[in-house]
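# Structural description and commentary
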Amino acid sequence: MLYYSTNGKAPLATLEKAVVKGLAEDKGLYMPERIKPLPKEFFDNIQDMTLQEIAYQVADCFFGEDVDAESLRRIVYDTLSFDIPLVKISSRGLYSLELFHGPTLAFKDVGARFMARLLSYFSPQGGGQNGAVNVLVATSGDTGSAVANGFLGVEGIHVYVLYPKGKVSPIQECQFTTLGQNITAIEVDGVFDDCQALVKSAFMDEELNAHMKLTSANSINVARFLPQSFYYFWAYAQLKQIVNCKLSNCKFVCCVPSGNFGNICSALFGKRMGLPIDRFIAANNANDIFYNYLQTGQYNPKPSVQTIANAMDVGAPSNFARILDLYGKSHKAICNDISGATYTDEQIAETMRQCLAETGYQLDPHGACGYRALQEGLREGEVGFFLETAHPAKFKQTVDGICGGDVAIPERLQAFMKGAKQSVPMSKEFADFKAFLLRK
Ligand SMILES: *Cc1c(COP(=O)(O)O)cnc(C)c1O
(Lines give C-alpha, C1' and ligand atoms only; values in the text may rest on other atoms or scores of the structure.)
Protein backbone atom coordinates (compact mmCIF):
# COMPACT_ATOMS: atom_id res chain seq x y z
CA MET A 1 0.00 0.00 0.00
CA LEU A 2 1.18 3.49 -0.75
CA TYR A 3 0.94 6.59 1.43
CA TYR A 4 0.07 10.09 0.31
CA SER A 5 0.80 13.40 2.00
CA THR A 6 -2.01 15.51 3.47
CA ASN A 7 -0.40 18.49 1.73
CA GLY A 8 -0.71 16.75 -1.63
CA LYS A 9 2.62 17.99 -3.00
CA ALA A 10 4.93 15.07 -2.18
CA PRO A 11 5.28 11.84 -4.17
CA LEU A 12 3.47 8.73 -2.91
CA ALA A 13 5.63 6.79 -0.48
CA THR A 14 6.02 3.12 0.37
CA LEU A 15 5.34 2.06 3.95
CA GLU A 16 9.08 1.70 4.49
CA LYS A 17 9.72 5.27 3.38
CA ALA A 18 6.81 6.64 5.39
CA VAL A 19 8.12 4.91 8.52
CA VAL A 20 11.77 5.88 8.05
CA LYS A 21 11.05 9.49 6.97
CA GLY A 22 8.09 10.18 9.26
CA LEU A 23 7.06 13.45 7.61
CA ALA A 24 6.52 13.86 3.84
CA GLU A 25 8.77 16.18 1.79
CA ASP A 26 6.04 18.82 1.66
CA LYS A 27 5.80 18.69 5.49
CA GLY A 28 2.42 16.94 5.21
CA LEU A 29 1.40 13.86 7.17
CA TYR A 30 1.28 10.48 5.50
CA MET A 31 -2.11 8.82 5.01
CA PRO A 32 -2.73 5.28 3.74
CA GLU A 33 -4.17 5.32 0.22
CA ARG A 34 -6.98 2.99 1.20
CA ILE A 35 -8.72 2.14 4.46
CA LYS A 36 -9.90 -1.46 4.16
CA PRO A 37 -13.14 -2.32 5.93
CA LEU A 38 -13.18 -5.45 8.08
CA PRO A 39 -15.74 -8.13 7.21
CA LYS A 40 -19.00 -8.65 9.10
CA GLU A 41 -17.80 -12.01 10.50
CA PHE A 42 -14.96 -10.20 12.23
CA PHE A 43 -17.37 -8.01 14.17
CA ASP A 44 -19.74 -10.93 14.80
CA ASN A 45 -16.95 -12.95 16.46
CA ILE A 46 -14.85 -10.20 17.96
CA GLN A 47 -15.99 -10.85 21.54
CA ASP A 48 -14.37 -14.32 21.41
CA MET A 49 -11.00 -13.10 20.17
CA THR A 50 -7.96 -12.08 22.23
CA LEU A 51 -6.48 -8.58 22.13
CA GLN A 52 -3.59 -9.90 20.04
CA GLU A 53 -5.85 -11.68 17.54
CA ILE A 54 -7.99 -8.58 17.08
CA ALA A 55 -4.94 -6.36 16.71
CA TYR A 56 -3.42 -8.68 14.14
CA GLN A 57 -6.55 -8.53 11.96
CA VAL A 58 -6.57 -4.73 12.17
CA ALA A 59 -2.82 -4.49 11.52
CA ASP A 60 -3.22 -6.79 8.51
CA CYS A 61 -5.58 -4.23 6.89
CA PHE A 62 -2.95 -1.53 7.16
CA PHE A 63 0.34 -3.38 6.83
CA GLY A 64 -0.51 -6.81 5.39
CA GLU A 65 0.55 -5.90 1.85
CA ASP A 66 3.99 -4.75 2.96
CA VAL A 67 4.94 -7.03 5.85
CA ASP A 68 4.81 -10.82 5.60
CA ALA A 69 2.17 -12.45 7.79
CA GLU A 70 4.53 -14.20 10.17
CA SER A 71 6.59 -11.06 10.84
CA LEU A 72 3.51 -8.91 11.28
CA ARG A 73 2.06 -11.40 13.74
CA ARG A 74 5.31 -11.34 15.73
CA ILE A 75 5.39 -7.53 15.73
CA VAL A 76 1.80 -7.36 17.01
CA TYR A 77 2.25 -10.03 19.68
CA ASP A 78 5.57 -8.55 20.90
CA THR A 79 3.99 -5.09 21.07
CA LEU A 80 0.91 -6.13 23.04
CA SER A 81 2.48 -8.06 25.86
CA PHE A 82 0.37 -6.39 28.54
CA ASP A 83 -3.26 -6.02 29.46
CA ILE A 84 -5.71 -3.26 28.43
CA PRO A 85 -8.64 -3.71 30.82
CA LEU A 86 -12.03 -2.07 30.49
CA VAL A 87 -13.21 -1.10 33.96
CA LYS A 88 -16.76 -0.27 34.95
CA ILE A 89 -16.95 3.11 36.69
CA SER A 90 -20.64 3.73 37.16
CA SER A 91 -23.95 1.97 36.71
CA ARG A 92 -24.86 4.58 34.10
CA GLY A 93 -22.98 2.61 31.44
CA LEU A 94 -19.68 4.39 31.86
CA TYR A 95 -16.37 2.57 31.45
CA SER A 96 -12.66 3.36 31.61
CA LEU A 97 -10.32 1.77 29.08
CA GLU A 98 -7.02 1.65 30.97
CA LEU A 99 -4.17 2.26 28.55
CA PHE A 100 -1.57 2.55 31.26
CA HIS A 101 -0.44 -1.02 31.84
CA GLY A 102 2.57 -0.83 29.51
CA PRO A 103 6.22 -0.34 30.52
CA THR A 104 6.01 3.44 31.07
CA LEU A 105 2.41 3.50 32.32
CA ALA A 106 1.07 5.68 29.50
CA PHE A 107 -0.75 4.97 26.28
CA LYS A 108 2.12 5.95 23.98
CA ASP A 109 3.83 2.65 24.81
CA VAL A 110 1.87 0.69 22.20
CA GLY A 111 2.67 3.03 19.33
CA ALA A 112 6.34 3.29 20.30
CA ARG A 113 6.75 -0.48 20.65
CA PHE A 114 5.04 -1.17 17.35
CA MET A 115 7.09 1.43 15.51
CA ALA A 116 10.37 0.08 16.92
CA ARG A 117 9.58 -3.40 15.66
CA LEU A 118 8.41 -2.25 12.25
CA LEU A 119 11.52 -0.09 11.81
CA SER A 120 13.67 -3.06 12.79
CA TYR A 121 11.81 -5.20 10.21
CA PHE A 122 12.80 -2.73 7.50
CA SER A 123 16.45 -2.56 8.67
CA PRO A 124 17.32 -6.20 9.36
CA GLN A 125 21.03 -5.78 8.60
CA GLY A 126 21.42 -4.04 11.96
CA GLY A 127 24.33 -5.42 13.91
CA GLY A 128 27.13 -2.92 14.40
CA GLN A 129 26.35 0.72 14.91
CA ASN A 130 27.22 1.66 11.35
CA GLY A 131 24.55 -0.59 9.89
CA ALA A 132 22.12 0.36 12.62
CA VAL A 133 19.37 2.92 12.35
CA ASN A 134 19.87 5.72 14.84
CA VAL A 135 16.77 7.26 16.33
CA LEU A 136 17.13 10.78 17.71
CA VAL A 137 14.47 12.04 20.05
CA ALA A 138 14.24 15.27 22.03
CA THR A 139 12.04 15.10 25.09
CA SER A 140 10.69 17.24 27.88
CA GLY A 141 9.85 14.02 29.74
CA ASP A 142 7.14 11.68 28.55
CA THR A 143 7.95 11.04 24.89
CA GLY A 144 11.52 10.08 25.75
CA SER A 145 10.46 7.40 28.17
CA ALA A 146 7.87 5.85 25.84
CA VAL A 147 10.27 5.84 22.88
CA ALA A 148 13.27 4.60 24.86
CA ASN A 149 11.31 1.75 26.43
CA GLY A 150 9.53 0.96 23.18
CA PHE A 151 12.86 0.58 21.38
CA LEU A 152 14.74 -1.08 24.24
CA GLY A 153 16.54 -4.21 23.07
CA VAL A 154 15.17 -3.99 19.51
CA GLU A 155 17.83 -5.23 17.14
CA GLY A 156 19.46 -2.93 14.61
CA ILE A 157 18.34 0.28 16.28
CA HIS A 158 20.15 2.68 18.59
CA VAL A 159 18.24 5.44 20.36
CA TYR A 160 19.62 8.79 21.55
CA VAL A 161 17.32 10.61 23.96
CA LEU A 162 18.17 14.29 24.41
CA TYR A 163 16.69 15.94 27.47
CA PRO A 164 17.19 19.27 29.26
CA LYS A 165 19.35 19.03 32.39
CA GLY A 166 17.38 19.63 35.58
CA LYS A 167 14.10 20.22 33.72
CA VAL A 168 12.72 16.68 33.79
CA SER A 169 11.07 15.15 36.85
CA PRO A 170 13.16 12.45 38.61
CA ILE A 171 10.51 9.79 37.88
CA GLN A 172 10.59 10.65 34.18
CA GLU A 173 14.37 10.91 34.04
CA CYS A 174 14.93 7.44 35.47
CA GLN A 175 12.67 5.93 32.81
CA PHE A 176 15.19 6.64 30.06
CA THR A 177 18.53 7.05 31.85
CA THR A 178 18.65 3.67 33.60
CA LEU A 179 18.00 1.41 30.62
CA GLY A 180 21.43 0.90 29.04
CA GLN A 181 21.59 -1.56 26.09
CA ASN A 182 20.72 0.32 22.87
CA ILE A 183 19.51 3.45 24.65
CA THR A 184 21.83 6.43 25.25
CA ALA A 185 20.52 9.33 27.32
CA ILE A 186 22.08 12.72 26.57
CA GLU A 187 21.73 15.40 29.22
CA VAL A 188 21.83 18.75 27.48
CA ASP A 189 22.92 21.86 29.32
CA GLY A 190 19.95 23.90 28.09
CA VAL A 191 16.17 23.87 27.75
CA PHE A 192 13.88 21.57 25.74
CA ASP A 193 14.05 23.86 22.70
CA ASP A 194 17.84 23.45 22.66
CA CYS A 195 17.39 19.66 22.58
CA GLN A 196 14.94 19.96 19.72
CA ALA A 197 17.27 22.31 17.84
CA LEU A 198 20.15 19.82 18.17
CA VAL A 199 17.99 17.03 16.72
CA LYS A 200 16.78 19.21 13.85
CA SER A 201 20.32 20.32 13.00
CA ALA A 202 21.46 16.69 13.02
CA PHE A 203 18.79 15.68 10.50
CA MET A 204 19.90 18.48 8.18
CA ASP A 205 23.66 17.88 8.46
CA GLU A 206 24.97 16.18 5.31
CA GLU A 207 28.22 14.90 6.77
CA LEU A 208 26.42 13.31 9.69
CA ASN A 209 23.78 11.70 7.47
CA ALA A 210 26.53 10.25 5.27
CA HIS A 211 28.18 8.83 8.39
CA MET A 212 25.10 7.21 9.96
CA LYS A 213 21.44 6.45 9.29
CA LEU A 214 19.33 8.92 11.23
CA THR A 215 15.60 8.87 11.83
CA SER A 216 13.06 10.28 14.26
CA ALA A 217 10.38 8.57 16.33
CA ASN A 218 7.95 11.42 16.04
CA SER A 219 4.38 10.85 17.13
CA ILE A 220 3.07 11.68 13.66
CA ASN A 221 4.78 8.56 12.25
CA VAL A 222 2.23 6.19 10.68
CA ALA A 223 3.84 3.29 12.55
CA ARG A 224 3.15 4.97 15.88
CA PHE A 225 -0.25 6.34 15.06
CA LEU A 226 -2.14 3.59 13.17
CA PRO A 227 -1.59 0.83 15.79
CA GLN A 228 -3.47 2.95 18.31
CA SER A 229 -6.66 1.91 16.51
CA PHE A 230 -6.27 -1.52 18.19
CA TYR A 231 -7.59 -0.07 21.45
CA TYR A 232 -10.98 0.78 20.04
CA PHE A 233 -11.67 -2.62 18.51
CA TRP A 234 -10.59 -4.23 21.78
CA ALA A 235 -12.86 -1.95 23.82
CA TYR A 236 -15.78 -2.85 21.56
CA ALA A 237 -15.04 -6.57 21.95
CA GLN A 238 -15.10 -6.24 25.73
CA LEU A 239 -18.26 -4.12 25.70
CA LYS A 240 -19.97 -6.74 23.57
CA GLN A 241 -19.18 -9.30 26.23
CA ILE A 242 -20.25 -7.35 29.27
CA VAL A 243 -22.98 -4.96 28.24
CA ASN A 244 -26.40 -6.40 28.73
CA CYS A 245 -28.36 -4.86 25.90
CA LYS A 246 -29.33 -5.94 22.43
CA LEU A 247 -26.42 -4.63 20.47
CA SER A 248 -28.55 -3.36 17.63
CA ASN A 249 -30.29 -1.05 20.11
CA CYS A 250 -27.12 -0.05 21.89
CA LYS A 251 -25.23 3.05 20.90
CA PHE A 252 -21.58 3.24 21.83
CA VAL A 253 -19.78 6.48 22.56
CA CYS A 254 -16.03 6.86 22.90
CA CYS A 255 -14.35 9.78 24.65
CA VAL A 256 -10.66 10.51 24.08
CA PRO A 257 -8.53 12.98 26.11
CA SER A 258 -6.71 14.71 23.27
CA GLY A 259 -3.59 16.77 22.66
CA ASN A 260 -2.09 16.15 19.25
CA PHE A 261 -5.21 14.18 18.26
CA GLY A 262 -3.30 11.09 17.13
CA ASN A 263 -5.20 8.80 19.43
CA ILE A 264 -8.68 9.97 18.47
CA CYS A 265 -7.68 10.06 14.81
CA SER A 266 -6.80 6.36 14.94
CA ALA A 267 -10.26 5.76 16.45
CA LEU A 268 -11.82 7.52 13.47
CA PHE A 269 -9.85 5.19 11.18
CA GLY A 270 -11.41 2.34 13.16
CA LYS A 271 -14.89 3.67 12.49
CA ARG A 272 -14.03 3.91 8.79
CA MET A 273 -13.09 0.21 8.95
CA GLY A 274 -16.56 -0.62 10.23
CA LEU A 275 -16.17 -0.39 14.00
CA PRO A 276 -19.69 0.23 15.35
CA ILE A 277 -18.98 3.23 17.55
CA ASP A 278 -21.71 5.77 17.10
CA ARG A 279 -19.92 8.96 18.02
CA PHE A 280 -16.78 10.38 19.60
CA ILE A 281 -16.00 13.08 22.11
CA ALA A 282 -12.65 14.88 22.04
CA ALA A 283 -11.89 16.06 25.58
CA ASN A 284 -9.45 18.93 25.93
CA ASN A 285 -7.87 20.76 28.83
CA ALA A 286 -7.68 24.58 28.55
CA ASN A 287 -6.03 24.19 25.13
CA ASP A 288 -9.29 24.55 23.26
CA ILE A 289 -8.23 24.91 19.61
CA PHE A 290 -10.15 21.88 18.36
CA TYR A 291 -13.14 22.69 20.56
CA ASN A 292 -13.28 26.14 18.98
CA TYR A 293 -12.98 24.64 15.52
CA LEU A 294 -16.05 22.47 16.18
CA GLN A 295 -18.03 25.49 17.37
CA THR A 296 -17.02 27.92 14.62
CA GLY A 297 -15.52 26.02 11.69
CA GLN A 298 -12.40 28.17 12.12
CA TYR A 299 -9.09 26.51 12.93
CA ASN A 300 -6.90 28.97 14.80
CA PRO A 301 -3.78 27.39 16.28
CA LYS A 302 -2.21 29.38 19.12
CA PRO A 303 0.62 28.96 21.63
CA SER A 304 -0.15 26.24 24.15
CA VAL A 305 -0.99 27.06 27.76
CA GLN A 306 0.38 25.02 30.67
CA THR A 307 -2.10 22.82 32.51
CA ILE A 308 -2.04 19.95 35.01
CA ALA A 309 -2.86 17.57 32.14
CA ASN A 310 0.39 18.54 30.48
CA ALA A 311 0.65 15.76 27.89
CA MET A 312 -2.31 17.50 26.25
CA ASP A 313 -0.80 21.00 26.26
CA VAL A 314 -0.85 21.43 22.49
CA GLY A 315 -1.68 24.65 20.67
CA ALA A 316 -1.48 23.29 17.12
CA PRO A 317 -2.62 19.65 17.12
CA SER A 318 -0.50 17.92 14.49
CA ASN A 319 -3.09 15.32 13.52
CA PHE A 320 -5.75 17.92 12.75
CA ALA A 321 -4.57 17.68 9.13
CA ARG A 322 -5.36 13.95 9.13
CA ILE A 323 -8.86 14.46 10.53
CA LEU A 324 -9.60 17.14 7.93
CA ASP A 325 -8.34 14.84 5.19
CA LEU A 326 -10.38 11.88 6.47
CA TYR A 327 -13.58 13.94 6.26
CA GLY A 328 -12.87 15.65 2.94
CA LYS A 329 -12.36 18.96 4.80
CA SER A 330 -16.07 19.07 5.68
CA HIS A 331 -16.73 20.76 9.02
CA LYS A 332 -20.26 19.40 8.96
CA ALA A 333 -19.12 15.80 8.48
CA ILE A 334 -16.58 16.17 11.30
CA CYS A 335 -19.23 17.58 13.67
CA ASN A 336 -21.46 14.66 12.76
CA ASP A 337 -19.00 12.18 14.30
CA ILE A 338 -17.16 14.24 16.92
CA SER A 339 -18.17 16.67 19.63
CA GLY A 340 -15.82 18.48 21.97
CA ALA A 341 -15.28 19.61 25.54
CA THR A 342 -12.72 21.84 27.26
CA TYR A 343 -11.88 22.10 30.97
CA THR A 344 -9.86 24.39 33.19
CA ASP A 345 -7.40 23.04 35.76
CA GLU A 346 -9.99 23.85 38.42
CA GLN A 347 -12.57 21.69 36.70
CA ILE A 348 -10.09 18.86 36.18
CA ALA A 349 -9.21 18.87 39.89
CA GLU A 350 -12.86 19.03 40.89
CA THR A 351 -13.61 16.08 38.62
CA MET A 352 -10.81 13.98 40.11
CA ARG A 353 -12.10 14.60 43.64
CA GLN A 354 -15.72 14.04 42.70
CA CYS A 355 -15.06 10.79 40.80
CA LEU A 356 -12.97 9.41 43.65
CA ALA A 357 -15.62 10.29 46.22
CA GLU A 358 -18.54 8.92 44.21
CA THR A 359 -17.04 5.86 42.55
CA GLY A 360 -13.75 5.13 44.32
CA TYR A 361 -11.88 5.40 41.00
CA GLN A 362 -8.64 7.38 40.99
CA LEU A 363 -8.31 9.37 37.76
CA ASP A 364 -5.17 11.02 36.50
CA PRO A 365 -5.57 14.61 35.19
CA HIS A 366 -5.78 13.49 31.52
CA GLY A 367 -8.32 10.75 32.12
CA ALA A 368 -10.29 13.23 34.22
CA CYS A 369 -10.99 15.33 31.12
CA GLY A 370 -12.28 12.21 29.38
CA TYR A 371 -14.38 11.06 32.31
CA ARG A 372 -16.03 14.44 32.74
CA ALA A 373 -16.77 14.96 29.05
CA LEU A 374 -18.34 11.51 28.86
CA GLN A 375 -20.33 11.97 32.04
CA GLU A 376 -21.68 15.29 30.81
CA GLY A 377 -22.26 14.10 27.25
CA LEU A 378 -23.67 10.58 27.63
CA ARG A 379 -27.33 10.40 26.58
CA GLU A 380 -30.14 8.02 27.47
CA GLY A 381 -29.62 4.59 25.88
CA GLU A 382 -25.91 5.11 25.21
CA VAL A 383 -23.00 3.18 26.66
CA GLY A 384 -19.69 4.99 26.79
CA PHE A 385 -16.03 4.49 27.53
CA PHE A 386 -13.28 7.03 28.01
CA LEU A 387 -9.56 6.40 27.67
CA GLU A 388 -7.56 6.59 30.87
CA THR A 389 -4.30 7.51 29.15
CA ALA A 390 -1.88 7.53 32.09
CA HIS A 391 -1.49 5.86 35.46
CA PRO A 392 -2.19 8.38 38.27
CA ALA A 393 1.20 7.54 39.81
CA LYS A 394 2.85 9.14 36.77
CA PHE A 395 1.52 12.44 38.08
CA LYS A 396 1.75 11.54 41.75
CA GLN A 397 2.52 14.99 43.10
CA THR A 398 -0.41 16.60 41.28
CA VAL A 399 -2.80 13.75 42.02
CA ASP A 400 -1.91 13.52 45.73
CA GLY A 401 -2.08 17.30 46.03
CA ILE A 402 -5.59 17.35 44.59
CA CYS A 403 -7.09 14.23 46.11
CA GLY A 404 -5.21 14.27 49.41
CA GLY A 405 -4.22 10.61 49.12
CA ASP A 406 -0.99 8.72 48.59
CA VAL A 407 -1.13 7.01 45.19
CA ALA A 408 0.91 3.82 45.24
CA ILE A 409 3.77 3.68 42.75
CA PRO A 410 3.53 0.46 40.70
CA GLU A 411 6.46 -1.93 40.92
CA ARG A 412 7.48 -1.31 37.33
CA LEU A 413 8.01 2.37 38.04
CA GLN A 414 9.84 1.61 41.27
CA ALA A 415 12.17 -0.70 39.38
CA PHE A 416 13.24 2.20 37.15
CA MET A 417 13.87 4.34 40.20
CA LYS A 418 16.27 1.79 41.63
CA GLY A 419 18.41 1.65 38.49
CA ALA A 420 21.66 3.60 38.16
CA LYS A 421 21.44 6.78 36.12
CA GLN A 422 23.71 6.81 33.08
CA SER A 423 23.83 9.80 30.78
CA VAL A 424 26.24 11.69 28.56
CA PRO A 425 26.64 15.37 29.48
CA MET A 426 26.40 17.63 26.42
CA SER A 427 26.57 21.36 25.74
CA LYS A 428 23.83 22.93 23.62
CA GLU A 429 26.31 23.62 20.78
CA PHE A 430 25.61 21.54 17.68
CA ALA A 431 29.36 21.16 16.99
CA ASP A 432 29.75 19.19 20.24
CA PHE A 433 26.77 16.95 19.55
CA LYS A 434 27.93 16.34 15.98
CA ALA A 435 31.46 15.43 17.11
CA PHE A 436 29.97 13.00 19.61
CA LEU A 437 27.87 11.28 16.94
CA LEU A 438 30.75 11.21 14.42
CA ARG A 439 32.78 9.21 16.93
CA LYS A 440 30.05 6.52 16.86
C1 LIG B 1 0.05 11.99 24.54
C2 LIG B 1 -0.98 11.94 25.62
C3 LIG B 1 -2.32 12.36 25.40
C4 LIG B 1 -2.78 12.98 24.11
O5 LIG B 1 -2.81 12.07 23.03
P6 LIG B 1 -2.84 12.63 21.53
O7 LIG B 1 -2.75 11.43 20.67
O8 LIG B 1 -1.65 13.53 21.40
O9 LIG B 1 -4.12 13.36 21.38
C10 LIG B 1 -3.23 12.21 26.45
N11 LIG B 1 -2.86 11.73 27.64
C12 LIG B 1 -1.59 11.32 27.89
C13 LIG B 1 -1.25 10.80 29.25
C14 LIG B 1 -0.60 11.41 26.90
O15 LIG B 1 0.65 11.02 27.17
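One can find the structure itself at the top, above this paragraph.
Residues numbered from 1 in each chain as written. Predicted model: local features only at pLDDT ≥ 70, side-chain atom pairs only at ≥ 80, totals over all residues. Heavy atoms only, no water.

Residues in contact with the ligand amount to 14 residues; listed here are only the nearest, Lys 108, Gly 259, Asn 260, Phe 261 and Thr 389. Taking Lys 108, its side chain carries an N or O atom lying 2.5 Å from an oxygen atom of the ligand. One of the backbone nitrogen or oxygen atoms of Phe 261 is found 2.8 Å away from an oxygen atom of the ligand. The fraction of the free accessible surface of the ligand (390 Å²) that becomes covered by protein chains is 96%. Class assignment for the residues of the shell around the ligand results in six nonpolar, seven polar and one charged. (Near = heavy atom within 4 Å. Polar contact = N/O pair within 3.5 Å; in protein donor to acceptor, adjacent residues only side chain to side chain. Areas by Shrake-Rupley, 256 points an atom, 1.4 Å probe, with all protein chains shown as cover. Nonpolar A, V, L, I, M, F, W, Y, C, P; charged D, E, K, R; others polar.)

A few words now on the pairing of strand β5 (residues 133-138). Every other side chain in a regular strand lies on the same face of the sheet, so the side chains alternate between the two faces. Taken across its six residues, β5 has six buried, putting it largely inside the fold. Going residue by residue along β5, you find Val 133, Val 135 and Val 137 tucked away on one face and Asn 134, Leu 136 and Ala 138 tucked away on the opposite face as well. Bridge count for β5 against strand β6 (residues 157-164) is six bridges, and the pairing is parallel. In the strand pairing of β6, Val 133 is matched with Ile 157. You can see the chain leave β5, run along helix α6 (residues 142-151) and come back into β6, and the turn it takes is right-handed. Inspection of the sheet shows β5 paired to strand β8 (residues 213-216) by four bridges, in the parallel sense. Paired with Asn 134 across the two strands is Leu 214, which belongs to β8. (Buried < 20%, exposed > 50% of the residue type's maximum accessible area, 1.4 Å probe, protein only. Helix = DSSP H or I, 4+ residues; strand = E, 2+ residues; numbered from the N terminus. Pairing = 2+ DSSP bridges. Right-handed = clockwise from strand over helix to strand, strands pointing away.)

Attention now moves to helix α16 (residues 345-359). In this model α16 runs 21 Å from its N-terminal to its C-terminal C-alpha over 15 residues, within 8% of the 21 Å that 1.5 Å per residue would give. Among the residues of α16, those classed as buried are Ile 348, Ala 349, Thr 351, Met 352 and Cys 355. Angularly, the buried residues of α16 cover 160 degrees about the axis, an arc narrow enough to put them on a single face. Those residues of α16 that are exposed and angled more than 90 degrees off the buried face are Glu 346, Ala 357 and Glu 358. Where α16 is buried, its residues contact β3 (86-90), α17 (365-377) and α18 (396-403). (Expected span 1.5 Å × (residues − 1). Arc of directions from axis to C-beta. Contact = heavy atoms within 4.5 Å.)

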